[in-house]
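What follows is each chain in one-letter form.
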Amino acid sequence: MLSTCGHGHILLPLSRPCLRCNHSIMSRRILTAFAFAATLVLTACESSEEKADAFYKSGMELLAAGDPDRAIVAFRNVFRFDGEHYEARKELADALAANGDLSGAYSQYLRLAEQYPDDVVVLQTLAQMAIRNQGWDEAERHGRRALELAPDATEINDPIRVSLGFRQSILDEDDAKTAQFADEAQALLDINPTDILSRRIVIAHALQQDRPGAVLEAVEPAIVQFPEDISYYTLKLRALSTLQDTDALEAHLRVMYTQFPENEDVQRTLIGFYLQRQDFDGAETFLRQLAGEETDDPAGFVSVIQLIEQAKGRDAAKAEMQRLADVNAEYPENADFYKALLASYAFEDGDRDGAIADLQALITDAEPSDQIRRIKGTLANMLLRTDNQVGARALAEEVLAEDQSNVVALKLRAQLLINADQPSEAIGDLRRALDQSPRDLDTLLLLAAAHERNGNTELQGERLAIAVEVSNSAPRESLLYANYLLRNERTEAARSVLDDARNAHPRNVDILVQSARLALQEESLGVVRGVIADLERIPEDERAAEVATSLRSALLLQEDRAEEGLELLQEQAGGNGQNTSAVYAVIQTQLRSGKLEEARAYLDSVMVNAPNDINLRLINAALHVAEGDPATSEAILRELITANPAQQTAVSQLYVQLRRTRQVDEARVVLNAGLAANPDAARLLQYQAGELEALGDIEGAIAVYEKLYERNTSNVTIANNLASLISTFRDTPESLERAGAVARRLRGTEVPAFQDTYGWIAYRQGDFADAVNYLEPAAKGLPNNALVQFHLGMTYVALERPDEAKPQLERALELAGPDSTLTQMQIARDTLNTLNGQ
């Protein structure tokens, strides 16, 4: 019963003063003080066992009273006095599980298993939780032990046994056993419809057999049983999508949105459904519902504007921005947001100067505010994209002077620092940005890039993994992490990342393509078939159909059914060869099979209907080389170049061809003409740098690489070549520092050329022990490169290992030849003379 003070105001428990009139009941306060003092006296006399028991009883009372949060605190307090209190830890684990903290619950059950290794109930619980979380190693360990200890406890153990057996049969690709375990699971489910382990097996088997109706039948009770678990809703969505039941699909998506209104994936899927049906009005209505009032936060209306652009065109989107700016005339911050967005569209449409001028007008004489700082961030990014790094950096510094924790400015400055090969400073900025916004995906990805530039690939991987987790296995983040894992030969982990992304985004073509590529490499043809089936369920995406056909062809070729594979590729290429990538694939397949005449006949038949197609003519030129007719190939390429001197692909193809046929001078003429017509062609500039280096114009080669590097500091090959030339041919401390900064990202590399660059820079910096660790594998990987052998030989000299240095330097001189004028070879001769006592 609630107490009141003299004015009738409600008093809180423990007789605190009335909150509104500050009166108090002194007698109750005195009694409470005495009671508290008495408790202290009694507590002081209690043993640890008694204290633990008191907290345990308190926790049980709180649970009975419907207060699990305070009960959890009470149970935790038990372990301050008795770390092995079985009942308290069991109740704590159960309470955490009921509260949704499955990770915490699992941890507590695990502690129980360690303390009481033969407790069957605990082992069964751990096995059940591990199976649901796909933690199969743990499931096997705890589940098998539970089965061993209690063979007669079939009611609980049978679902565990069947789950473990079903999973093993999948790994063994034993279809008969898989079906047997699925039947057992169905029998268990008939007895106990709430047996979620058996239900998951029935669902998995129905998915494996591509029986969407059976999936629906099995998954519906799971949704009822676990209404907060979105995975079952997603499975139902996938089944309805397969059945192409659009009405049921829309109704289910509506249910999902009602159940998970904040889930962005659900929102995007519902929007995607409307777009797939070309129901732009329905999508717009839903997006406006999400955005709220037109004078609310304008960020919500960005999606509306993007949809309008997709449905009605760019001009309609810009008209909507202007309308929203007018509607918000009395809300200047909102109006400025839409004006800034209009400027961003103008920038993308090519009016870069006008867009920059519009944003500068918005910030001129403006009072500092979050909105103005956001606009400055947008303007800084525009300046960065127009190569005005100085202006971009100045704006970032302006923002940070007002707000040191501004995430946009910190990210921008970090990007500039990464580009300038100052990753350590960038990491500092990005950590401050993460402090403000720990789930900002762009910050996490930038931090991964900074660690990569700093040569710390382990930390790079950690950040990419966190980005995948934070994004709920979003496609961009998952692909970046999977590619990182594949580069580091962690194929199984990459497969797991892609599987998670595929489950979360079953209609994302990029994820499906990468999953199929990996499966083809591993010859997991069943996975490829599954990807093809998924692609066929995305009729609204033209790329999905094209990729599915390519995969079917690759599947046939891998199964040694070349003729069928070729037929599919030819069908994909089209009668007029409009799909030139497919035409190229047909030619490659036929050449690999030794069918040169068939390749020629096929290409000629395609070119009859499209004789002037540039891509087909390039393929034709390449095929003539394969046929041993470089003259015809050269004539075709020269015709293409005459028609368009800036055609980079034709110039590159002819340059490489002339080089291979030892027409070096003519190749240089073609390259120089191509660069005159297209001076910014990256591929041609790389060829030019190689030519200058071969001619001994090292400074000219460095200048070209500096130009390429300034344009793209993330290109590791350009970074390696630049650092290698600087460290090999320049001697100033500033040059060595520059080379070290550029090459820092190569730390830990296993590419021989990169190992040589990193190792030689380490040598030049006096770190001979680190140098030899890189130069030894580099010399093995590039056994015919004179400079690489020289670098290792000089490192052996520095380490006072003359017996190893001599043959290494002799090998370098032998490879360079007696007429070599390289300074390094003269150093090798002098060093050998010294070592030989001459």
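Computed from a predicted model, the values in this text were never measured in an experiment.

Peer 1: It is not clear to me how the overall build of the protein chain should be interpreted in this structure. Could you clarify?
Peer 2: Within the protein chain, the regular secondary structure consists of 46 helices and zero strands. Overall, the protein chain is about 105 × 75 × 60 Å in size when its C-alpha atoms are taken along their principal axes. Counted over contacts in the protein chain with a minimum sequence separation of 6, partners at least 24 positions apart contribute 46%. For the protein chain, the accessible area works out to roughly 43,000 Å², and carbon and sulfur atoms hold 49% of it. Averaging the positions of the 81 positive and the 131 negative side-chain charges in the protein chain gives two centres separated by 2 Å.

Peer 1: Got a minute to help me understand the pattern of salt bridges in this structure?
Peer 2: It is possible for side chains bearing opposite charge to pair when their charged atoms get close. What the rule picks out here adds up to 56 salt bridges. D534 serves as the salt-bridge partner of R238, at 3.8 Å between the closest nitrogen and oxygen. Here R238 is found in helix α12 (residues 230-243), whereas its partner D534 is found in helix α29 (residues 525-535), with 296 residues between them in sequence. On the basis of relative accessibility, which here comes to 29%, the residue R238 falls in the partly exposed class. With a relative accessible area of 6%, D534 lands in the buried category. A salt bridge links E639 to R617, with the shortest nitrogen-to-oxygen separation between them at 3.0 Å. Taken together, the residues span a long stretch of sequence, with E639 in helix α35 (residues 630-643) and R617 in helix α34 (residues 614-626) at a distance of 22 residues. Given the relative accessible area of 18%, R617 is considered buried. One salt-bridge network, held together by shared partners, links E284, R288, E294, K312, E320 and R323.

Peer 1: What should I look at first to understand the packing of aromatic side chains in this one?
Peer 2: Centre distance and the angle of the planes are the two values used to describe a pair of aromatic rings. The full count for this structure, using the stated rule, is 14 aromatic pairs. Ring centres of F55 and F81 lie 6.0 Å apart, and the angle between their planes is 10°; on these two criteria the pair is classed as stacked. Separated by 26 residues along the polypeptide, F55 in helix α2 (residues 48-64) and F81 in the loop between α3 (68-78) and α4 (86-98) bring together distant segments of the chain. For the pair Y763 and F768, a centre-to-centre distance of 5.4 Å together with 55° between the ring planes defines the contact as tilted. A network of ring pairs unites the aromatic residues W760, Y763, F768 and F790 as a single cluster.

Peer 1: For this particular structure, what's the right way to read the layout of surface pockets?
Peer 2: To find leftover empty space, a probe the size of one water molecule is rolled over the atoms. Taken as a whole, the second largest pocket encloses approximately 860 Å³ of empty space. Lining the second largest pocket are 28 residues, and of these E452, T457, Q460, R487 and R745 sit closest to its centre. Every element with two or more residues in the lining of the second largest pocket is listed here: α22 (407-419), α24 (441-453), α25 (457-470) and α26 (475-487). Broken down by element, the residue count for the lining of the second largest pocket peaks at six residues, all from α24. Of the residues that constitute the lining of the second largest pocket, the class distribution is 12 nonpolar, nine polar and seven charged.

Peer 1: Whenever I open this one, helix α6 (residues 120-132) confuses me. Can you help?
Peer 2: Residue pairs spaced three or four apart in an α-helix point in one direction, given the helix's 3.6 residues per turn. Its 13 residues give α6 an end-to-end C-alpha distance of 18 Å, which sits within 8% of 18 Å, the value for a rise of 1.5 Å per residue. Of the residues making up α6, those classed as buried are V120, V122, L123, Q124, T125, L126, A127, M129, A130 and I131. Contact partners of the buried residues in α6: α4, α5 (102-115), α7 (136-149), α8 (154-172) and α10 (196-208). In this structure D119 caps α6, since a side-chain oxygen of it lies 3.1 Å from the backbone nitrogen of V121. In the segment just after α6, Q134 is the residue with positive phi, at about 65°.

Peer 1: It is not clear to me how the nonpolar core should be interpreted in this structure. Could you clarify?
Peer 2: Nonpolar side chains tend to gather and get buried jointly when the protein is soluble and globular. Core analysis: the biggest nonpolar cluster contains 84 residues, and Y109, I203, Y232, I305, M321 and Y338 have the highest contact counts within it. Here I305 is in contact with A317, E320, M321, L324, Y338, L341 and Y345, once residues within four sequence places are set aside. Among the nonpolar cores identified, the runner-up in size contains 41 residues, and A650, L722, A739 and L746 belong to it.

Peer 1: Any chance you could explain helix α46 (residues 823-835) here in plain terms?
Peer 2: Between its first and last C-alpha atoms α46 spans 18 Å; for 13 residues at 1.5 Å apiece the expected length is 18 Å, and the two agree. Those residues of α46 that fall on the buried side of the exposure criterion are Q824, M825, A828, T831 and L832. Looking straight down α46, one finds its buried side chains confined to an arc of 120°; they lie on one side. Seen from the open side of α46, the exposed residues pointing more than 90 degrees away from its buried face are T823 and T834. Of the surrounding secondary structure, the elements contacted by the buried residues of α46 are α40 (716-729), α44 (786-798) and α45 (802-816). Just downstream of α46, G837 is the residue with a positive phi angle, here 75°.

Peer 1: Looking at this structure, how should I read unusual backbone geometry?
Peer 2: With the exception of glycine, most residues fall at negative phi, and the peptide bonds are largely trans. Here the phi dihedral of D387 falls at roughly 65°; this positive angle occurs in a residue that is not glycine. Considering the arrangement of structural elements, one finds D387 in the loop between α20 (370-385) and α21 (389-402). Look at D421: it is not a glycine, yet its phi comes out positive at around 60°.

Peer 1: When you look at the confidence of the model for the protein chain in this model, what are you seeing that I'm missing?
Peer 2: Interpretation of the predicted coordinates at a detailed level should be avoided for regions scoring low in pLDDT. Per-residue confidence for the protein chain gives a mean pLDDT of 85; residues scoring 70 or more make up 92%. Considering only residues more than four positions removed or in separate chains, one finds that residues 1-45, a stretch of pLDDT under 50, has 32 contacts.

Peer 1: How should I be thinking about the environment of M129 in this particular structure?
Peer 2: Inspection of the secondary structure puts M129 in helix α6. Of the residues examined, M129 reaches a relative accessible area of 12% and is grouped as buried. Setting aside its immediate chain neighbours within four residues, M129 contacts L102, A105, Y106 and Y109.

Peer 1: Explain the packing of helix α18 (residues 332-348) against α20 to me, please; I cannot follow it from the model alone.
Peer 2: Two measures define how a pair of helices packs: the angle their axes make with one another and the distance between the axes. One can describe the packing of α18 onto α20 by two numbers: an axis separation of 10 Å at closest approach and a directional angle of 10°. Regarding the angle of α18 to α20, the classification is roughly parallel. Every residue of α20 that contacts α18 at E333, D336, F337, A340, A343, S344, F347 and E348 is listed here: Q371, I375, T378, M382 and R385.

Peer 1: I tried to follow the environment of N721 on my own but got confused; where do I start?
Peer 2: Its place among the elements puts N721 in helix α40. Take N721: its relative accessible area is 22%, and that puts it in the partly exposed class.

Analysis parameters
- Residues numbered from 1 in each chain as written.
- Predicted model: local features only at pLDDT ≥ 70, side-chain atom pairs only at ≥ 80, totals over all residues.
- Heavy atoms only, no water.
- Helix = DSSP H or I, 4+ residues; strand = E, 2+ residues; numbered from the N terminus.
- Contact = heavy atoms within 4.5 Å.
- Areas by Shrake-Rupley, 256 points an atom, 1.4 Å probe, with all protein chains shown as cover.
- Lys, Arg positive; Asp, Glu negative; His and termini not counted.
- Charge placed at Lys NZ, Arg CZ, Asp CG, Glu CD.
- Salt bridge = Lys/Arg side-chain N within 4 Å of Asp/Glu carboxyl O.
- Buried < 20%, exposed > 50% of the residue type's maximum accessible area, 1.4 Å probe, protein only.
- Phe/Tyr/Trp six-rings, centres within 6.5 Å; stacked < 30°, edge-to-face > 60°.
- 1 Å grid on protein atoms, 1.4 Å probe; cavity = no way out; pocket = protein on both sides within 12 Å on 5 of 7 lines; lining within 4 Å.
- Points joined across faces, edges and corners; volume = space filled by probe spheres on them.
- Nonpolar A, V, L, I, M, F, W, Y, C, P; charged D, E, K, R; others polar.
- Expected span 1.5 Å × (residues − 1).
- Polar contact = N/O pair within 3.5 Å; in protein donor to acceptor, adjacent residues only side chain to side chain.
- Core = buried A, V, L, I, M, F, W, Y, C linked by side-chain atoms within 4.5 Å.
- Arc of directions from axis to C-beta.
- pLDDT = per-residue confidence, 0-100.
- Axes fitted to C-alpha atoms, helices over the stretch in contact; angles between N-to-C directions.
- Parallel < 35°, antiparallel > 145°, perpendicular 65-115°, else oblique.

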